[in-house]
Amino acid sequence: MIKAILFDLDGTILDRESSLNNFIDDQYDKFINYLKHIEMITFKNKFIELDKNGYVWKDKVYAQLIDYFNINHLTPDVFLNDYTTNFWKNCLPYPNLYKTLKILTANNYKLGIVTNGKFPFQYNNIKSLKIEEYMDIILVSEKEKVKKPNPVIFERAAKQLGVKLNECIFIGDSLENDYTASKSAGMYPIYKANNDQNSINTIPTIQDLSEIPSIINTYN
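Now for a description of the structure that goes with this document. Here, residues in each chain are numbered from 1, in the same order as that chain's written sequence. Restriction of local features to residues with pLDDT of at least 70 applies here, the model being predicted, together with a cutoff of 80 or more for giving and counting side-chain atom pairs; totals for whole chains, interfaces and linings are based on all residues. As a rule here, side-chain values cover all heavy atoms of the structure and leave hydrogens and water aside.

1. What to know about the sheet that holds strand β4 (residues 168-172)
The rule for pairing is simple: two strands pair if DSSP sees at least two bridges between them. Here a helix means four or more residues in a row that DSSP labels H or I, a strand means two or more in a row labelled E, and each is numbered from the N terminus. An order of β3-β2-β1-β4-β5-β6 is seen for the 6 strands of this open sheet, with the pairing classed as parallel. On the outer flanks of this sheet lie β3 (137-140) and β6 (205-206), each paired with one strand and no other. Relative to β4, strand β1 (residues 4-7) runs parallel, the two being bridged by 4 bridges. Note on β4: the bridge partner recorded for Leu6 is Phe170. Along the sheet, helix α9 (residues 151-161) makes contact with β1, β2 (110-115), β3 and β4, crossing β3 at roughly 160 degrees. The contact criterion used is simple: two residues touch if any of their non-hydrogen atoms lie within 4.5 Å. To define axes, lines are fitted to C-alpha atoms, for helices over the stretch in contact only, and angles between the resulting N-to-C directions are given on a 0 to 180 degree scale.

2. Side note on the side chain of Ser182
Residue position: Ser182 is located in helix α10 (residues 175-185). Side-chain polar atoms of Ser182 contact the backbone oxygen of Tyr179, separated by 3.3 Å. Contact partners of Ser182, with chain neighbours within four places excluded, come to Phe154, Phe170, Met187 and Pro189. Whenever two N or O atoms come within 3.5 Å, that pair is a polar contact, provided that in protein one can donate a hydrogen and the other can accept it, and provided that, for residues adjacent in sequence, both atoms are side-chain atoms.

3. Section: the environment of Pro151
Relative to the assigned elements, Pro151 resides in helix α9. Between the C-alpha atoms of Pro151 and Gln27, which are 124 residues apart in sequence, the distance is 37 Å.

4. Here's the deal with helix α4 (residues 58-69)
Note: α-helices contain 3.6 residues per turn, so residues at a spacing of three or four share the same orientation. Helix span, expected: 1.5 Å multiplied by one less than the number of residues in the helix. Between its first and last C-alpha atoms α4 spans 16 Å; for 12 residues at 1.5 Å apiece the expected length is 16 Å, and the two agree. Exposure classes here rest on a 1.4 Å probe applied to the protein chains alone. A residue is buried below 20% of its type maximum, exposed above 50%, and partly exposed in between. Residues Lys58, Val61, Tyr62, Leu65, Ile66 and Phe69 constitute the buried set of α4. The buried residues of α4 occupy an angular sector of 130 degrees when projected down its axis, which confines them to one face. Of the residues in α4, the exposed ones pointing more than 90 degrees away from the buried face are Lys60, Asp67 and Tyr68. The inward-facing, buried residues of α4 abut α1 (16-30), α3 (40-51) and α5 (76-86). Asn70 sits one or two positions beyond α4 and adopts a positive phi of about 55 degrees. The arc refers to the directions leading from the helix axis to the C-beta atoms.

Now the structure itself:
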């Protein structure tokens, strides 16, 4: 019997691609006096390339951008401070997030988020989505001092929720850190495929958050 639904954050409930695109637009405009020798689209594309879907922290991204584009009179710390302070203002949820959370809550599932990343940066992004009221737990790897795919963070989530690992579903967009890791820990994984078509026919998969209630029913 499934009692709890746990979510990854970026690429699962937070539309990080759209959020990041919005943020880069704002940051480019903010620092236009230092960046006007670079086309916005060129700056954005290089940022996204170096960011590697969030797996490279932004101190390194900005240092490389400054070097690559020969940006004068701006340091990585100035860029980074703007990122950590203001990214949350650009955070966008995936479609049907609130509708889905309301359905799951109404069906008495315990809910939580387990995300890799910096604290309080990730927590502020969650707050910006206005979904705290739905969540029984929120675990951010830097604060927890353990990160996915380490099974300890999944075990900790289940313990804090007061449920067994095999009573939890974990939903995420990373095959390694979310799907395989949560399965190895003893949870039931669901892969949020987004634009990935490769695994849809071989593992439990959703493209849209609205599919969650019906796919959960297949486990009960």
